[in-house]
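Descriptive structure summary
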Amino acid sequence: MTDKFYYPSDEVVTQASIKDYDSLYQRSICDREGFWAEQANELGWYQPWTQVLDDSKPPFYKWFVGAKCNIVHNAIDRHLKSATRNKLAIIWESERGAVRTFSYHALNREVCQFANVLKSMGVRKGDIVTLYMPQIPELVFAMLACAKIGAAHSVVYGGFSTEALAARIEDANSRVLVTADGGFRRGKPTDLKTIANEAMQRSPTIEVCICVRNNGMDVVMESERDFWYHDLQALPIASPKCDTEMMDSEDMLFILYTSGTTGKPKGLIHTHGGYSVYTSTTHRMAFDIKPDDRWWCAADPGWITGHSYMVYGPLINAATLVMYEGAPNYPYPNRWWQMVEKYGVNILYTSPTAIRGLMRYGDRWPSRHDLTSLRLLGSVGEPINPEAWRWFYEVIGGSRCPIIDTWWQTETGGFMICPLPITPLKPGSATKPFFGNEVGVVDDAGNEVPVGEEGKLVIKNPWPGMARTIFKDDARYAELYWGDYQSKGYYKAGDSAKIDSDGYIWVIGRMDEVLKVSGYRLGTAEIESALVSHRAVSEAAAIGLPHEVKGNGIHTYVILTTGLVGDKALESELKEHVAHELGRIATPETVHFVDSLPKTRSGKIMRRVLRARALGLPEGDLSTLEE
Ligand code: WTA
């Protein structure tokens, strides 16, 4: 924790739409419902709400009760009625330099066409369509097309692999899968369709698979089940006109699976009404969005950041989105800076891991480019270390651009703690709560811990962007997030944090068995179950240890099936196996072959003991240990 503030320049203050955080914050807390109603009135509704917040059955809160809407009405339809129609909605560039652009008008046509295709395939309101795609415009079209016709999407990150995809398809009981032949990464084609084929074999609920031709590689298409996207878009059924379905504000917009403490990922549910209001308000206010902004969220749509701040929030706010498919340092480490210069990007929102990765190549790569179009920078995914913060601030932002460090989660739908451009910054702190939110750092009993001490991060109130439940598991949702502080009605984030004497919040990290690896959220249990699915492994434990670029690297401990002996070849085989089952991002740094694992008497693996041993730290309280 540092006490040095970075103050906004006069220019930043002059430009800022909100010049006084404290008074608006006070108002938003004293009259939370009034504040959110005011924000909701910025959007278009088919029918207004009768109640802003229904809190009669906590923790199952409802927002904008009785209202009729559709997020696509705000993200596209509304813009077609003004000059925004001709504004660029999407600028997409691939690693190889291919460029595609879409105005709001063109975006609407693509979305309508695909919405009609989905309808013709029997997709109906309430169905869940799984999307497993590279970062290409068709992924955005498919998300919006689902929402438009009232179907929910379940986007599975294109870096995930067979088992991860199969498990998500099965849990969602999806009939339709949209995928692509593959993408490109570091000059090489990546293969999605083969993985999709394997996953469809494992979970046979898929009846229709629509495949986008993107990298042109040979793929196996099964007749009657598999269709090419471009063939369908060329059919007369794919008309560029399609009505937007009128939804209830609490109807499901999407399901997004995220890792938790068990091997089975949780499907979090977000809704049309509250999520539209929350993502657009947070995006507009925290990044002070101006009508002509070029906004680049360098996240993958497969994660919540891509949903809320690459697609929905920015489109509702009529921004121009920049999308890039590929590695940040390919063919050279100036790839991103080239993009910023070429498109005149005004706001760049990315992760500490990406910043650290690019920082390694030194200042000479960004310094070759004119980055003066940048007005604001943003960070998300994990705490940003002060060194990376300062490099981002000084070298990329030219010491002109405030860094909006946004703390939030898949569960929260949007920013919960973040500065505004006018907020004096401290590197590494996400600063203060967003409007409408009261944030606390508490002990096990729910009492505030003293200033500067570590405790559990809680949100003390409901907010419109909150996940409504875990798909098919209300009980788990209530227990996991709201069970610990039930009498107080606090939401438990699962992070530890501190609040300093200036009231600045410092998020330290996860307190559960969730790892942030390169900003991606993975569960130790998922990695362990991938390992155990290999015939050579009888038991496994995974932990995270500090990694210079990734934040955390995955280290694993494996007990082999009786009679087998571990060697280098088996170590590589197991790493490859995890990559194949779960995805490359989950590949362990190390596999240690061991004879036993530290466990509690009830048989739970004590990962903290493994972590302490690996780091050479004291092992702490071992009273429950039974190795
Ligand atoms: C971590 C990502 C510190 C945190 C949007 C949280 C952060 C988890 C920050 C959620 C930040 C996210 N500072 N930590 N600015 N942003 N985190 O669901 O541990 O992928 O609980 O959502 O990321 O990860 P998720």
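Thresholds, definitions, all that
Residues numbered from 1 in each chain as written. Predicted model: local features only at pLDDT ≥ 70, side-chain atom pairs only at ≥ 80, totals over all residues. Heavy atoms only, no water. Near = heavy atom within 4 Å. Polar contact = N/O pair within 3.5 Å; in protein donor to acceptor, adjacent residues only side chain to side chain. Areas by Shrake-Rupley, 256 points an atom, 1.4 Å probe, with all protein chains shown as cover. Helix = DSSP H or I, 4+ residues; strand = E, 2+ residues; numbered from the N terminus. Contact = heavy atoms within 4.5 Å. Pairing = 2+ DSSP bridges. Axes fitted to C-alpha atoms, helices over the stretch in contact; angles between N-to-C directions. Salt bridge = Lys/Arg side-chain N within 4 Å of Asp/Glu carboxyl O. Buried < 20%, exposed > 50% of the residue type's maximum accessible area, 1.4 Å probe, protein only. Phe/Tyr/Trp six-rings, centres within 6.5 Å; stacked < 30°, edge-to-face > 60°. Parallel < 35°, antiparallel > 145°, perpendicular 65-115°, else oblique. Nonpolar A, V, L, I, M, F, W, Y, C, P; charged D, E, K, R; others polar.

Brief notes about the site of the ligand
The local shell around the ligand holds 17 residues, among which Asp-405, Thr-406, Thr-410, Lys-516 and Arg-521 are the closest. With respect to the ligand, the backbone of Pro-383 contributes an N or O atom lying 3.5 Å from a nitrogen atom. Interatomic distance of 2.7 Å between a side-chain N/O atom of Asp-405 and a nitrogen atom of the ligand. Alone, the ligand offers 530 Å² of accessible surface; in the complex the protein occludes 97% of this.

Quick look at the side chain of Thr-162
Mapped onto the elements of the fold, Thr-162 is located in helix H7 (residues 162-172). When near neighbours in sequence (up to four residues on either side) are disregarded, Thr-162 contacts Ile-195, Glu-198, Ala-199, Arg-202, His-580 and Glu-581.

Description of the sheet that holds strand S27 (residues 537-547)
Ordered in space as S27-S28-S29, the three strands form an open sheet in which the pairing is mixed. Unpaired on one side and paired on the other, S27 and strand S29 (590-593) mark the two borders of the sheet. Ignoring which end each strand starts from, the neighbouring axes of this sheet average 25° apart. The pairing of strand S28 (residues 551-560) with S29 spans four bridges and is classified as parallel. Bridging across to S29, Tyr-557 finds its partner in His-592.

Comments concerning the sheet that holds strand S17 (residues 320-325)
Ordered in space as S5-S4-S17-S16-S18-S19-S20, the seven strands form an open sheet in which the pairing is mixed. Of all strands in the sheet, those bounded by a partner on one side alone are strand S5 (99-103) and strand S20 (403-406). In this sheet, neighbouring strand axes are inclined to one another by 20° on average, regardless of whether the strands run parallel or antiparallel. Note that strand S19 (residues 376-380) and S20 share four bridges and pair parallel. When the sheet's bridge partners are listed, Val-380 is paired in S20 with Thr-406.

Here we look at the pattern of salt bridges
Scanning the entire structure with this criterion turns up 41 salt bridges. Arg-225 is the salt-bridge partner of Asp-226, the closest N and O atoms lying 2.6 Å from each other. Asp-226 gets classed as buried once you look at its relative accessible area, which sits at 8%. Judged by its relative accessible area of 12%, Arg-225 falls in the buried class. For Asp-484, the salt bridge goes to Lys-492, with nearest N and O atoms at 3.1 Å.

Here's the deal with helix H16 (residues 474-482)
Burial in H16 covers these residues: Arg-476, Tyr-477, Tyr-481 and Trp-482. Residues of H16 that are buried in the fold lie against strand S15 (266-271) and strand S23 (491-499).

Observations concerning the packing of aromatic side chains
Applying the stated rule across the entire model yields 46 aromatic pairs. On the numbers, 6.3 Å between centres and 85° between planes, the contact of Trp-336 with Trp-337 is edge-to-face. An identical accessibility class is assigned to Trp-336 and Trp-337; each is buried. A centroid spacing of 5.9 Å and a plane angle of 75° characterise the contact between Trp-408 and Phe-415, whose relative ring orientation is edge-to-face. In terms of burial, Trp-408 and Phe-415 fall into one category: buried. Aromatic ring contacts, followed pair by pair, group Tyr-21, Tyr-25, Phe-35, Trp-36, Tyr-278, Phe-434 and Phe-435 into a single cluster.

Structural notes on the side chain of Gln-39
Tracing the chain through its elements places Gln-39 in helix H3 (residues 32-40). Residues contacting Gln-39, with those up to four places away along its chain left out, are Val-277, Thr-281, Arg-284 and Met-285.

A word on the packing of helix H10 (residues 272-286) against helix H11 (residues 304-316)
The N-to-C vectors of H10 and H11 enclose an angle of 90°; their axes lie 8 Å apart at closest approach. By the angle between their axes, H10 is roughly perpendicular relative to H11. Residues Tyr-275, Ser-276, Thr-279, Ser-280, Thr-282 and His-283 of H10 pack against His-307, Ser-308, Tyr-309, Tyr-312, Gly-313, Pro-314 and Ile-316 of H11. Its residues assigned to classes, the contact of H10 with H11 shows five nonpolar, eight polar and no charged.

With respect to the environment of Asp-621
Tracing the backbone through its elements, the reader meets Asp-621 in the segment after helix H19 (607-615). A C-alpha to C-alpha distance of 9.2 Å links Asp-621 and Val-609, two positions twelve residues apart in sequence. Setting aside chain neighbours within four positions, we find Asp-621 in contact with Met-606 and Arg-608.

Things to note about the pairing of strand S14 (residues 252-258)
Within S14, six of the seven residues are buried, which leaves it mostly tucked inside the rest of the structure. Pairing between strand S7 (residues 152-155) and S14: two bridges, direction parallel. What sits directly across from Ser-154, in S14, is Ile-255. In this structure, S14 lies alongside S15, joined through six bridges in antiparallel fashion. When the bridges of S15 are listed, Ile-255 appears paired with Ile-269.

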